[in-house]
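Structure at a glance
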Amino acid sequence: MKNAITYFEPVHGSTQSAFDTERYRQSVELYDTERHIEAFHTFLDSLNPKFRPTYGNAEGTEFHIPHGSIVVDIRLADDQIRFHADFMELPAKGSVAMLRQVAGLNTNQLLLPTFLLEGNKLTLDYTCPLRRSHPAKLYGILRDICYIGDQYDDEFASKFGAARLYTPNVRPYAAEEVDRLYDAIQTICRDALAAVKEYDANRQGGYSWNILETAVYQIMYTAAPQGQLLNELDKAIADMDRDLPVSELNLKGAEALKKLAAATKEELARDLYHVDTLISTKRRSSLRNVQDNIREVYEQAEQAIQSGNFEAAAVRMLYKIYEMYFYCDVQDDLNKVASKALAKASGLPWEEAAEVLYDALDDIMEGNLEDDTDFDFSAAIGEAAREMQENLQASMGDMQTAMLEMQQKMAEALAKGDMQEYMRLAAEMQQQVMQQALGGGNR
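Since we're looking at a predicted model, the values are computed, not measured. (Residues numbered from 1 in each chain as written. Predicted model: local features only at pLDDT ≥ 70, side-chain atom pairs only at ≥ 80, totals over all residues. Heavy atoms only, no water.)

1. Observations regarding the overall build of the chain
Along its length, the chain carries 16 helices and ten strands. A separation of at least 24 residues holds for 73% of the contacts in the chain among residues at least 6 apart in sequence. Split by element, the accessible area of the chain, about 23,700 Å² in all, is 50% carbon and sulfur. (Helix = DSSP H or I, 4+ residues; strand = E, 2+ residues; numbered from the N terminus. Contact = heavy atoms within 4.5 Å. Areas by Shrake-Rupley, 256 points an atom, 1.4 Å probe, with all protein chains shown as cover.)

2. Re the nonpolar core
Counting residues in each nonpolar core, the largest one holds 78 residues, and the members touching the most others are Met 317 and Leu 357. Of all elements in the fold, only α6 (175-201), α7 (205-223), α8 (227-240), α9 (246-262), α11 (287-306), α12 (310-327), α13 (332-345) and α14 (350-366) reach the threshold of two or more residues within this core. In terms of residue count, the dominant contributor to this core is α12 (twelve residues). Other than its neighbours up to four places away in sequence, Met 317 contacts Val 297, Ala 301, Ala 354, Leu 357, Tyr 358 and Leu 361. Ranked by size, the runner-up nonpolar core spans 42 residues in total, among them Tyr 24, Ala 85, Leu 130 and Ile 148. (Core = buried A, V, L, I, M, F, W, Y, C linked by side-chain atoms within 4.5 Å. Buried < 20%, exposed > 50% of the residue type's maximum accessible area, 1.4 Å probe, protein only.)

3. Overview of a negative patch on the surface
Taken together, Glu 351, Glu 352, Glu 355 and Asp 359 make up a surface patch of like negative charges. Assignment of secondary structure puts Glu 351 in helix α14. (Patch = residues over 30% accessible without salt bridge, like charges linked within 9 Å, V, L, I, M, F, W, Y side chains within 5 Å. Salt bridge = Lys/Arg side-chain N within 4 Å of Asp/Glu carboxyl O. Lys, Arg positive; Asp, Glu negative; His and termini not counted. Charge placed at Lys NZ, Arg CZ, Asp CG, Glu CD.)

4. What to know about the packing of α12 against α13
The interhelical angle for the contact between α12 and α13, taken along N-to-C directions, is 140°, at an axis separation of 11 Å. One way to sum up the angle between α12 and α13 is to call them oblique. Pair α12 / α13 crosses with left-handed handedness. Residues Leu 318, Ile 321, Tyr 322, Met 324 and Tyr 325 of α12 form the contact with α13, whose own contacting residues are Leu 334, Asn 335, Ala 338, Ser 339 and Leu 342. Among the residues forming the contact of α12 with α13, the class breakdown is eight nonpolar, two polar and no charged. (Axes fitted to C-alpha atoms, helices over the stretch in contact; angles between N-to-C directions. Parallel < 35°, antiparallel > 145°, perpendicular 65-115°, else oblique. Left-handed = near helix turned anticlockwise from the far one by under 90°. Nonpolar A, V, L, I, M, F, W, Y, C, P; charged D, E, K, R; others polar.)

5. Digging into α8
With 14 residues, α8 should reach 20 Å at 1.5 Å per residue; the first-to-last C-alpha distance of 21 Å fits that figure. When α8 is considered as a whole, its buried residues turn out to be Gly 227, Leu 229, Asn 231, Leu 233, Ala 236, Ile 237, Asp 239 and Met 240. Next to the buried residues of α8 lie α5 (135-160), α7, α9, α10 (265-269), β8 (273-274) and α12. (Expected span 1.5 Å × (residues − 1).)

6. A word on the pattern of salt bridges
Any two side chains of opposite charge can pair, so long as their charged atoms come close to each other. Following the criterion strictly, the structure yields 18 salt bridges and no others. Of the charged contacts in the structure, one is a salt bridge between Arg 25 and Glu 22, with a shortest N-O distance of 2.9 Å. Linking Arg 25 with Glu 22, this pair stays in helix α1 (residues 21-32), spanning three residues, or about one helical turn. Judged by relative accessible area, which is 38%, Glu 22 ranks as partly exposed. As a salt-bridge pair, Glu 177 and Arg 180 come within 2.8 Å of each other at their nearest N and O atoms. Taken as a pair, Glu 177 and Arg 180 lie in helix α6 at a separation of three residues, close to a single helical turn. Look at Glu 177 and you get partly exposed, because its relative accessible area is 22%. In this structure, a network of salt bridges that share partners links the residues Asp 153, Asp 154 and Arg 164.

7. Quick notes on the side chain of Gln 331
Topologically, Gln 331 is positioned in the loop between β10 (328-329) and α13. Within the structure, the side chain of Gln 331 is placed 2.6 Å from the side chain of Ser 285, a separation counted as a polar contact. (Polar contact = N/O pair within 3.5 Å; in protein donor to acceptor, adjacent residues only side chain to side chain.)

8. Things to note about the confidence of the model for the chain
In this model, the chain carries a mean pLDDT of 86, and residues with pLDDT of at least 70 account for 84%. Per-element averaging of pLDDT across the chain places helix α15 (residues 377-416) at the bottom with 52 and α7 at the top with 97. Low confidence marks residues 371-392, where pLDDT is under 50. Its contacts with residues over four positions away, or in another chain, come to six contacts. Every residue in residues 433-443 scores below 50 in pLDDT, and together they form eight contacts with partners more than four places removed in sequence or on other chains. (pLDDT = per-residue confidence, 0-100.)

9. Topic: unusual backbone geometry
Comment: phi is negative for the bulk of residues other than glycine, and the bulk of peptide bonds are trans. Here Glu 34, not a glycine, exhibits a phi torsion of approximately 65°, which is positive. Tracing the chain through its elements places Glu 34 in the loop between α1 and α2 (36-47). With a phi angle near 60°, Asp 79 is a residue other than glycine that sits in the positive phi range. Inspection of the secondary structure puts Asp 79 in the loop between β2 (70-77) and β3 (80-89). Owing to a relative accessible area of 61%, Asp 79 belongs among the exposed residues under this scheme.

10. Considerations on the pairing of strand β1 (residues 62-67)
Sheet topology places β1 next to β2; six bridges connect them, and they run antiparallel. From the neighbouring strand, His 64 faces β2, where its bridge partner is Asp 73. Linking β1 to β2, which pair antiparallel, is a turn of two residues; within it Gly 68 sits at a positive phi near 60°. (Pairing = 2+ DSSP bridges.)

11. Examining the packing of aromatic side chains
Tallying each qualifying case throughout the model produces 19 aromatic pairs. Cluster of aromatic residues (ring-pair linked, three or more members): Phe 87, Phe 115, Tyr 152, Phe 156 and Phe 160. (Phe/Tyr/Trp six-rings, centres within 6.5 Å; stacked < 30°, edge-to-face > 60°.)

12. Examining the side chain of His 36
Following the sequence through the fold, His 36 ends up in helix α2. Here His 36 falls in the buried class, since its relative accessible area comes to 17%. The contacts of His 36, once residues within four sequence positions are left out, are Tyr 31, Leu 130 and Arg 131.

The following block contains the structure:
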């Protein structure tokens, strides 16, 4: 592999979290003063200010907010707050195996909400007094419900034939976008598998692992898939992060990419759509947590570049940047630095790509996230020179006119024999000439 991986524009231009930290702080202050309903409303506004008017009743006591393929119902009554989400209807066959997995989720993954079985219907539920509804607790409850509900309904439908209790409100990607993403996914898979074949032949399993996992991260970043495709890519990441020999991890990663590459455009299109989101299952980025996370790779890349191993440096930096997008909702200023570097490094020879990527990581580590829009100094200097010339010509024209007028007045004064006026005008003209010579005009 002689060049850096190809960059593809992501579906979502902004990767920033919608979470409003200032409103969240206000909700905590309201809770601390026992204004519990106001605290809840402000907390909901911190997630998205459109939720209350769009999905709530006039009294602000009942909400039905979609998240992916589920709807979260929230009710405030009798000093209690209840969270509820209809999940799935049990299948006619295989319900015991499905319930066994649900029991595992109740025990191992859900902290406060739990699955309940109501007849043949599974729901997610949690109820507590309003006086026990601290915003941090509410965030954890909603995150659990949203993550488990949206992830496992696709898996249970595919694995057990269970039926959803809610039809997701999805907005499919445009046909041209699907075409573009299908081609991008094909390229990412093909290039990664070709690189792995080359690295494995040279017994460079570490390179193969980095390339394979980066490919999965890149597909997630570029296409933002939903549904079962999202679940399968999540599983591929989990499989490659297991504590197993690298050769086994690489085998799992390669199989995942081969399966994805074999999917038809129509199969992929089923999971390429926009959905409403109540709460993000990713972490909200901050400059400090990103700096802490990339520090080791940043230092490794510097050492690799100094020793002339540009390929190792670039491969690790590409991995780390795409990993950042997988785990975090990346703030806009940081996203601008990172995405610009990914696009600029696309397809470059390793040495050039390493330089571009290292500069980006260096900016992040130094906190240089200001607007770095390219500035054409040559054009600016040329424009300034033209403006100065125009101003000078205008000034010269004005000065010449003024001098002619002054000379005319001096001639008139001399003709009248008024030497005092003549000398005054001569001194004034001399002063104006000196002012122009020193930079011109009144200041």
